[in-house]
Amino acid sequence: MSERASATPVSRRHALGGAAGVGLGLPLLAACGGDEGGSTAADPTPEATPGEPLTTTADVPVGGGVILAEEKVVVTQPDEGEFKAFSNVCTHQGCALESITAEGIRCPCHGSVFDVATGEPVAGPADSPLNELPLTVEGDSITLA
């Protein structure tokens, strides 16, 4: 004679509630998925107009940079007098880059970090470099070319 495990019946309300909870978790998991090359969640095209000033050389620290959120541009100064510009859109999932630390340009969404000199990923899930943008430095004014 076999013994059966005693089971407590599950009400329809609990069964549906559990299914809804599982369903709510799926979009959250999907948000961290993504294809190998990143996502186009945000348009990486800069909002700045070529030829119009972005910032000044005095506003860009050596070894760091500034994030111009409205223009969707990051301007860095890896070495004294050398300026670079990149799209401020992370190549992993398209989040806007948020800060620049000693480690590099940081994405707040999944922890990717990009090199201030090359835009290459140095940490996190991103595996593609930031889109480098042509710039012009005249006097103390920095503009997109």
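So, here's what we can say about the structure. From a predicted model like this one, the values you see are computed outputs, not experimental measurements.

## Let's talk about the nonpolar core
In this structure, A48, L54, V60, V66, L68, V73, V75, F83, A85, L133, I142 and L144 together form the largest nonpolar core, which totals twelve residues. Among the secondary structure elements, those contributing two or more residues to this core are β2 (64-68), β3 (73-79), β4 (82-87) and β11 (141-144). Residues within four places of V66 in sequence aside, it is in contact with T55, D59, V60, P61, V73, V74, V75 and I100. By size, the runner-up hydrophobic cluster in this structure holds eleven residues, among which are V74, F86, I105 and C107.

## Notes on the environment of Q77
Looking at where Q77 falls in the secondary structure, it is placed in strand β3. On the basis of relative accessible area, Q77 is assigned to the buried category, the value being 4%. Along the chain, Q77 and G64 lie 13 residues apart, while their C-alpha atoms are 5.9 Å from each other. Apart from the residues lying within four places of it in its own chain, the contact partners of Q77 are T57, V60, P61, V62, G63, G64, E82 and F83. Polar contacts involving the side chain of Q77 include one to the main-chain carbonyl oxygen of V60, which spans 2.5 Å.

## Some points on the state of the cysteines
Inspection of the entire model under this criterion finds one disulfide. Residue C95 pairs covalently with C109 via a disulfide, S to S 2.1 Å. Between C95 and C109 the sulfur-sulfur dihedral comes to about -105°; the bridge is accordingly left-handed. With C95 in the loop between β4 and β5 (99-100) and C109 in the loop between β6 (105-106) and β7 (113-114), this residue pair connects regions lying 14 residues apart in the sequence. Classification of C109 as partly exposed rests on a relative accessible area of 40%. Among the cysteines around C90, which has no disulfide bond, C107 carries the closest sulfur, lying 3.8 Å off. Under the relative-accessibility criterion, C107 is labelled buried at 6%.

Conventions and cut-offs
- For every chain, the first residue of its written sequence is number 1, and the numbers climb from 1 along that sequence.
- Whole-chain, interface and lining totals are the exception, using all residues; otherwise, since this is a predicted model, local features are given only for residues with pLDDT of at least 70 and side-chain atom pairs are given and counted only at 80 or more.
- The side-chain numbers reported here are obtained from all heavy atoms of the structure, hydrogens and water having been left aside.
- By convention a nonpolar core is built from buried Ala, Val, Leu, Ile, Met, Phe, Trp, Tyr and Cys residues, the set being connected through side-chain atoms within 4.5 Å.
- Only protein chains enter the accessibility calculation, which uses a 1.4 Å probe. A residue is then buried if its area is under 20% of the maximum for its type, exposed if over 50%, and partly exposed in between.
- Only runs of H or I of at least four residues qualify as helices and only runs of E of at least two qualify as strands under DSSP, and these elements are numbered from the N terminus.
- By the convention used here, residues are in contact when the closest approach between their heavy atoms is within 4.5 Å.
- Any pair of nitrogen or oxygen atoms within 3.5 Å is treated as a polar contact; in protein, a donor-acceptor pairing is required on top of that, and neighbouring residues in sequence qualify only through side-chain atoms on both sides.
- Cysteine sulfur atoms are paired as a disulfide whenever they fall within 2.5 Å.

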